[in-house]
Amino acid sequence: MINYTDFNTSLMQIMRIVGIDTSCDDTCISIVDVKSQGSNVKSFEILSNVVSSQIKLHRRYGGVYPSLAKREHQKNLPIVLKKALKKGKVTQKNPRVNFLAVTIGPGLDPCLWQGINFTKEVAKRWNLPIIPVNHIEAHILANWLVPIGSKSKIKNKKIEFPAVCLVVSGGHTQLILMRKIGQYKIIGETRDDAAGECFDKTARILGLPYPGGPAIAAEAAKFSVFSRILRDSIKLPRPMINSKDYDFSFSGLKTAVLYDFKSRPKKERRSRAYIRAMAKEIQQAIIDVLIKKTIKAAKNYKAKSIILGGGVVANKELRKQLKEKIKKEIPNSQFLIPDSRLCTDNAAMVALAGYFNRKKATKNYQKIKALANLRIN
Ligand code: KG4
Ligand code: ZN
């Protein structure tokens, strides 16, 4: 721990954590300084947050190809670490790091192992303890961070509990009841495809690039009156929207898109008007279900906060429409979304989750193992 005296003379401590995430197709390393005075955290400061994206590589396959992703992580990890240290102005010789935090799951097994093994090598070299991190918890805790370049270094809003968290990414769609940091219960989840997966797969049907979420959002945003008649002819289901539980299902939506697409003459289904109308309808169908179940859970669990996380939360329409709905239906609840740069996979959220899980730090490296199906409960 680095100690220094603040202007108001009481001792300020800095805990430096290096976060590492290779759960899917991004190689992510970040350095976060946690500044505290006594037991009071003053700020979480992201010194660097490097994400090396493999999007171009996986685009050829229309999705993530695990063995290829693993090989890329292996190649990228040392380069990304160097970059993260340089950007954070941290020297290799005297990095002053207190902990390494690494995602152990959920995620793609070969990819997780690559990050874990690399973390162990660095930990041995620097003689540091490792904190195992759950990727889903990290997505939730991203809400406690402010991105590099923000005026304030700490979120000034105090987050109130209980909270209902909606985590939507390429691999997960979960509603989680959070009683406090570290105490979670999954109250609903997808029974088949994740919402992000649905964006990715339907984008592929329409001939749009991977990742499908941003591609569909961009096409939907270009929707104009010329597509309106077509949109009226597209009827997609809102799967499980009225079911009594908090579960989701998105595979039927994907099939409905495929049927509609195949039923159209080739010229029509390749037209901009059709792609934009369909993109708008796919995005709205996913948003409708996510919003309905989140509001229902928030009301039933008397949530004081609604917390969002995961790549799909970068979707502007989802952010806007959920915000409006909360304002209208449960105006006393707090609504939290990470900055869009912190929604998709990054390691700053992993470093922060490491901070909150620092009791799990260990130098018994053998104990750290990948758990591809790790659950937050
Ligand atoms: O959290 P994330 O970066 O990685 C996983 O843990 O899976 O999420 C990636 C997912 C992809 O399915 C991608 O299509 C989706 O997030 N995504 C979006 C947007 N940006 C990324 N979905 C909808 N709208 C977006 N703007
Ligand atoms: Zn993720």
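Only a predicted model underlies this, so the values are computations on that prediction, with no experimental measurement involved.

Calculation rules
- Residues numbered from 1 in each chain as written.
- Chains lettered and ligands numbered in written order.
- Predicted model: local features only at pLDDT ≥ 70, side-chain atom pairs only at ≥ 80, totals over all residues.
- Heavy atoms only, no water.
- 1 Å grid on protein atoms, 1.4 Å probe; cavity = no way out; pocket = protein on both sides within 12 Å on 5 of 7 lines; lining within 4 Å.
- Points joined across faces, edges and corners; volume = space filled by probe spheres on them.
- Helix = DSSP H or I, 4+ residues; strand = E, 2+ residues; numbered from the N terminus.
- Nonpolar A, V, L, I, M, F, W, Y, C, P; charged D, E, K, R; others polar.
- Domains from an automatic or database assignment.
- Near = heavy atom within 4 Å.
- Polar contact = N/O pair within 3.5 Å; in protein donor to acceptor, adjacent residues only side chain to side chain.
- Areas by Shrake-Rupley, 256 points an atom, 1.4 Å probe, with all protein chains shown as cover.
- Axes fitted to C-alpha atoms, helices over the stretch in contact; angles between N-to-C directions.
- Parallel < 35°, antiparallel > 145°, perpendicular 65-115°, else oblique.
- Contact = heavy atoms within 4.5 Å.
- Pairing = 2+ DSSP bridges.
- Buried < 20%, exposed > 50% of the residue type's maximum accessible area, 1.4 Å probe, protein only.
- Donors = N, O, S within 2.8 Å, 3.2 Å for Na, K, Ca; no water.
- Salt bridge = Lys/Arg side-chain N within 4 Å of Asp/Glu carboxyl O.
- Buried area = accessible area lost by both parts, 1.4 Å probe.
- Phe/Tyr/Trp six-rings, centres within 6.5 Å; stacked < 30°, edge-to-face > 60°.

1. Re the layout of surface pockets
Volume-wise, the largest pocket comes out at about 1,300 Å³. Along the wall of the largest pocket there are 50 residues; nearest its centre are Gly170, Tyr210, Pro211, Gly311 and Thr344. Contributions of two or more residues to the lining of the largest pocket are made by β4 (40–53), α4 (135–141), α5 (195–205), α6 (212–221) and α11 (316–329). When the residues that make up the lining of the largest pocket are grouped by side-chain class, the tally is 20 nonpolar, 20 polar and 10 charged. Shared between two domains, the lining of the largest pocket holds at least three residues of each, these being domain 1 (4–147 + 343–367) and domain 2 (163–338).

2. Remarks on the site of ligand 1
Around ligand 1, 19 residues are found, and the nearest of them are Gly170, Asp200, Gly213, Gly311 and Asp345. In this structure, an oxygen atom belonging to ligand 1 sits 3.3 Å away from a side-chain N or O atom of histidine 135. Contacts to ligand 1 include glycine 170, whose backbone N or O atom sits 2.8 Å from an oxygen atom. Coverage of ligand 1 by the protein amounts to 89% of the 560 Å² it exposes when considered alone. Elements represented by at least two residues in the shell around ligand 1 include exactly α4, α5 and α6. For the shell around ligand 1, the residue count by class is five nonpolar, 12 polar and two charged.

3. Some remarks on the packing of α5 against helix α10 (residues 272–300)
In contact at an axis separation of 11 Å, α5 and α10 are set at 170° when each is read in the N-to-C sense. As far as their axial angle goes, α10 and α5 are roughly antiparallel. Where α5 approaches α10, its residues Ala195, Cys198, Phe199 and Thr202 are matched on the opposing element by Ile282, Gln283 and Ile286.

4. Observations concerning the pairing of β4
As paired strands, strand β3 (residues 26–37) and β4 are joined by 12 bridges and run antiparallel to one another. Its bridge partner being in β4, cysteine 28 is matched across the sheet by valine 51. Joining the antiparallel neighbours β3 and β4 is a turn of two residues, in which glycine 38 adopts a positive phi near 60°.

5. Details of the pairing of β3
Residues in a regular strand project their side chains so that they alternate between the two faces of the sheet. Most of β3 sits inside the fold, with 12 of its 12 residues counted as buried. Every second residue of β3 is oriented toward a common face, with Asp26, Cys28, Ser30, Val32, Val34 and Ser36 on one face and Thr27, Ile29, Ile31, Asp33, Lys35 and Gln37 on the other, all of them buried. As judged from the nine bridges shared by strand β2 (residues 11–21) and β3, these two strands associate in the antiparallel manner. In the sheet register, glutamine 13 faces β3, and the bridge partner there is serine 36.

6. Focus: the coordination of the zinc ion (ligand 2)
Protein coordination at the zinc ion (ligand 2) comes from His135 (NE2), His139 (NE2) and Asp345 (OD), with a distance range of 2.1 Å. All donors to the zinc ion (ligand 2) come from one chain, and their sequence spacing reads H-x3-H-x205-D. One end of the pair, histidine 135, and the other, histidine 139, are both in helix α4, four residues apart, so they sit about a helical turn from each other. Across the pair, histidine 139 and histidine 135 agree in class, each one buried.

7. Concerning the pattern of salt bridges
Enumeration according to the criterion identifies 21 salt bridges in this entry. Residue lysine 201 is joined to aspartate 193 by a salt bridge in which the shortest nitrogen-to-oxygen separation is 3.4 Å. The partly exposed category is assigned to lysine 201, whose relative accessible area is 31%. Several salt bridges share partner residues, and in doing so they unite Arg191, Asp245, Asp247 and Lys293 into one network.

8. With respect to the domain arrangement of the chain
Structurally, the chain comprises domain 1 (4–147 + 343–367) and domain 2 (163–338). Computed from C-alpha coordinates alone, the two centres of domain 1 and domain 2 are separated by 29 Å. With both chains or domains summed, domain 1 and domain 2 bury close to 1,800 Å², and 72% of this area falls on carbon and sulfur atoms. For the pair domain 1 and domain 2, the interface holds zero salt bridges. Taken together, the links from domain 1 to domain 2 amount to seven residue pairs in polar contact (both at pLDDT 80 or more).

9. Concerning the packing of aromatic side chains
This structure, assessed with the given rule, holds six aromatic pairs. Residues phenylalanine 44 and tyrosine 355 carry aromatic rings whose centres are separated by 5.7 Å and whose planes lie at 65° to one another, so their mutual orientation is edge-to-face. Highlighted residues: phenylalanine 44 in strand β4 and tyrosine 355 in helix α12 (residues 348–356), separated in sequence by 311 residues. The same class applies to phenylalanine 44 and to tyrosine 355, which are both buried. Both rings, one in phenylalanine 44 and one in phenylalanine 356, keep their centres 5.8 Å apart while their planes meet at 65°; by these two values the pair is edge-to-face. Placement of the pair is phenylalanine 44 in strand β4 and phenylalanine 356 in helix α12, with a sequence separation of 312 residues.

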